[in-house]
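Commentary on secondary and tertiary structure
So the chains spell out like this:
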Amino acid sequence: MRALLVVNPAATTTSARVREVIGTALASDLKLEVATTEYRGHARDLARRAAESGEVELVVSLGGDGTVNEIVNGLLHHGPDPDDLPQLAVVPGGSTNVFARALGLPNDPVEATGALLGALRAGSSRTVGLGLVSGTPGTEDEGVPARWFTFCAGFGFDAGVIGRVEQQRELGKRSTPALYLRQVARQFMADPHRRKGTITLDRPDEEPVPGLAMAIICNTAPWTYIGNRPVYASPEASFDTALDVLGVTRMSTVSGTRYAAQLLRSTPERGPRGRHTVSLHDLTDFTLQSQAPLPFQVDGDHLGLRTSATFTGVRRALRVIV
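Going by the annotation in an unreviewed UniProt entry, the name recorded for the chain is Diacylglycerol kinase family lipid kinase, with Actinacidiphila acididurans given as the source organism. The record in UniProt for the chain states the following under Cofactor (unreviewed entry): "Mg(2+)". According to UniProt, the comment filed for the chain under the heading Sequence similarities (unreviewed entry) is "Belongs to the diacylglycerol/lipid kinase family."

This is the structure:
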């Protein structure tokens, strides 16, 4: 099988030596080309060229969730076609690796490489659904390019937290659970919209859901990890269905603390609940519209402020080796 290994040299949990060992192991079973990313968006460009060449059968991501997201967007530049596009494989190298872990892969990159080689030899793969978000027609965001995401997107509070974490990492701070928890507290104190939500969720042939202070869109469960602990915002979310949404209409000090505790104690059977929460399952098409610009993120990548976003849940979008 002809394969392209896309390596992010800035991946936080792999060294040059580990990356060399992984490349050597994969080359024993694959006709392997190795490409190292050099700029933001490079993994997307490499994956797009691989898909358009018609010669590459497999693209392997060695990096974090951001690298996976770029590769997916490159592979699906012309739309989903799981039967003809190159397959995707993931070797986790980032700090959280939500997509890889949600697929059931070990979080250690060497162990994950062994699992990947075993799956390749067994011919084991699955087709997963993905989320697609684009600018909403008739709004100031209508020209924003569409973007695929693998496990989550966020509008409002959680995206603000991610933006703060990215700022700290640019200052040289390490990505740790403690860093995230500190930024959660800071975002909570600074968020001007947490008590009175500005977001309305619109679905075809359904009543609008107004007054959301935050919306978390999940393509799978768990939503994220704090260290080794999985966190379930929408426990029913799955790669085999469309998108799930957890919305929160009000976050006072008391309710915000309660929802944070519920997230920390969440399980595959039970996520956050309460009179200020809205949980929706298996949505194919919906739009989020805010009266004020709010932070926006996909797959843990902060994309700035938005006032609207249109979402599509696409079943059977991409084939993954697992």
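Past the structure itself, the notes keep going.
With that settled, the discussion passes to helix 3 (residues 65–75). Counting buried positions along helix 3 gives 10 out of 11 residues, so the element sits mostly inside the fold. For helix 3, every residue scored as buried is listed here: Asp65, Thr67, Val68, Asn69, Glu70, Ile71, Val72, Asn73, Gly74 and Leu75.

A few words on the side chain of Ser252. Among the structural elements, Ser252 can be located in the loop between strand 13 (243–248) and helix 8 (253–264). You can call Ser252 buried: its relative accessible area is 11%. Leave out the neighbours within four places in its chain, and Ser252 touches Phe188, Arg194, Arg195 and Thr257.

Let us now look at the nonpolar core. Core analysis: the biggest nonpolar cluster contains 53 residues, and Leu75, Leu88 and Phe99 have the highest contact counts within it. Ranked by residue count, the leading element in this core is helix 2 (residues 42–53), at 5 residues. Look past the residues within four positions of Leu88 in its chain and what remains in contact with it is Leu58, Val59, Val68, Ile71, Val72, Leu75, Phe99, Leu318, Arg319, Val320 and Ile321. Membership of the second largest hydrophobic core comes to 21 residues, among which are Ile217, Leu283, Leu288 and Phe296.

For the peptide bond that leads from Ala221 to Pro222, omega is 5°, which places it in the cis range. Mapping Pro222 onto the fold places it in the loop between strand 10 (214–218) and strand 11 (224–226). Of note in the backbone geometry, Asp299 takes a positive phi value of approximately 50° without being a glycine. A residue is classified by how much of its surface remains accessible, and Asp299, at 4% relative accessible area, is buried.

This part covers the pattern of salt bridges. By the definition in use, this model includes 9 salt bridges. Where Arg17 meets Glu20, a salt bridge forms, and the shortest distance between an N and an O atom there is 3.6 Å. Note that Arg17 and Glu20 are positioned in helix 1 (residues 16–27) at a spacing of 3 residues, about one turn of the helix. Note on Arg17: relative accessible area 55%, which makes it exposed. Taking the relative accessible area as the measure of exposure, Glu20 reaches 46% and is therefore partly exposed. Salt-bridge contacts for Asp301 lead to Arg40; the nearest nitrogen and oxygen are separated by 2.7 Å. You can see Asp301 sitting in strand 16 (residues 301–321) and its partner Arg40 sitting in the loop between strand 2 (31–36) and helix 2, a full 261 residues away along the chain. The class of Asp301 is buried, set by a relative accessible area of 14%. Through salt bridges with shared partners, one network takes in Arg40, Arg147 and Asp301.

Before going further, it helps to examine the environment of Gly300. Following the sequence through the fold, Gly300 ends up in the loop between strand 15 (285–298) and strand 16. In this structure, the C-alpha to C-alpha distance between Gly300 and Ala261, residues 39 residues apart in sequence, is 21 Å. Setting aside chain neighbours within four positions, we find Gly300 in contact with Phe151, Ile162 and Glu166.

To continue, consider the environment of Arg265. In this structure, Arg265 sits in the loop between helix 8 and strand 14 (277–283). When the C-alpha atoms of Arg265 and Ile199 are compared, they prove to be 27 Å apart, with 66 residues separating the residues in sequence.

Another aspect to go through is the packing of helix 1 against helix 5 (residues 109–122). Packed helices, taken two at a time, are described by the angle between their axes plus the distance between the axes. Two elements in contact, helix 1 and helix 5, have axes separated by 10 Å at closest approach and are oriented at 10°. Relative to helix 5, the element helix 1 is oriented roughly parallel. Counted together, Val18, Ile22, Ala25 and Leu26 of helix 1 and Pro109, Val110, Thr113, Leu116 and Leu117 of helix 5 form the full contact between these two elements.

The next subject is the packing of aromatic side chains. What the rule picks out here adds up to 6 aromatic pairs. Between Phe296 and Phe311, the aromatic rings sit 6.3 Å apart at their centres with planes inclined by 55°, giving tilted as the arrangement. Of this pair, Phe296 sits in strand 15 while Phe311 sits in strand 16, and the two are 15 residues apart along the sequence. Phe296 gets classed as buried once you look at its relative accessible area, which sits at 1%. An aromatic cluster of at least three residues, connected via ring pairs, comprises Phe149, Phe155, Phe286, Phe296 and Phe311. A cation sits over an aromatic face here: Arg258 above Tyr259, 5.3 Å from the ring centre. Here the basic side chain of Arg306 rests over the ring of Phe296, its NZ or CZ set 4.7 Å away from the ring centre.

In a regular helix each residue adds 1.5 Å, so 14 residues correspond to 20 Å; helix 7 (residues 177–190) covers 20 Å between its end C-alpha atoms and thus fits that length. The complete set of buried residues in helix 7 reads Leu179, Gln183, Gln187 and Phe188. The arc enclosing the buried residues of helix 7, seen along the axis, measures out at 170°, which places them on a common side. Taken together, the buried residues of helix 7 touch helix 6 (157–170) and helix 8.

Definitions and cut-offs
- Residues numbered from 1 in each chain as written.
- Predicted model: local features only at pLDDT ≥ 70, side-chain atom pairs only at ≥ 80, totals over all residues.
- Heavy atoms only, no water.
- UniProt positions renumbered as here; feature names shortened; annotations may be inferred.
- Buried < 20%, exposed > 50% of the residue type's maximum accessible area, 1.4 Å probe, protein only.
- Helix = DSSP H or I, 4+ residues; strand = E, 2+ residues; numbered from the N terminus.
- Contact = heavy atoms within 4.5 Å.
- Core = buried A, V, L, I, M, F, W, Y, C linked by side-chain atoms within 4.5 Å.
- Salt bridge = Lys/Arg side-chain N within 4 Å of Asp/Glu carboxyl O.
- Axes fitted to C-alpha atoms, helices over the stretch in contact; angles between N-to-C directions.
- Parallel < 35°, antiparallel > 145°, perpendicular 65-115°, else oblique.
- Phe/Tyr/Trp six-rings, centres within 6.5 Å; stacked < 30°, edge-to-face > 60°.
- Lys NZ or Arg CZ within 6 Å of the ring centre and 35° of its normal.
- Expected span 1.5 Å × (residues − 1).
- Arc of directions from axis to C-beta.

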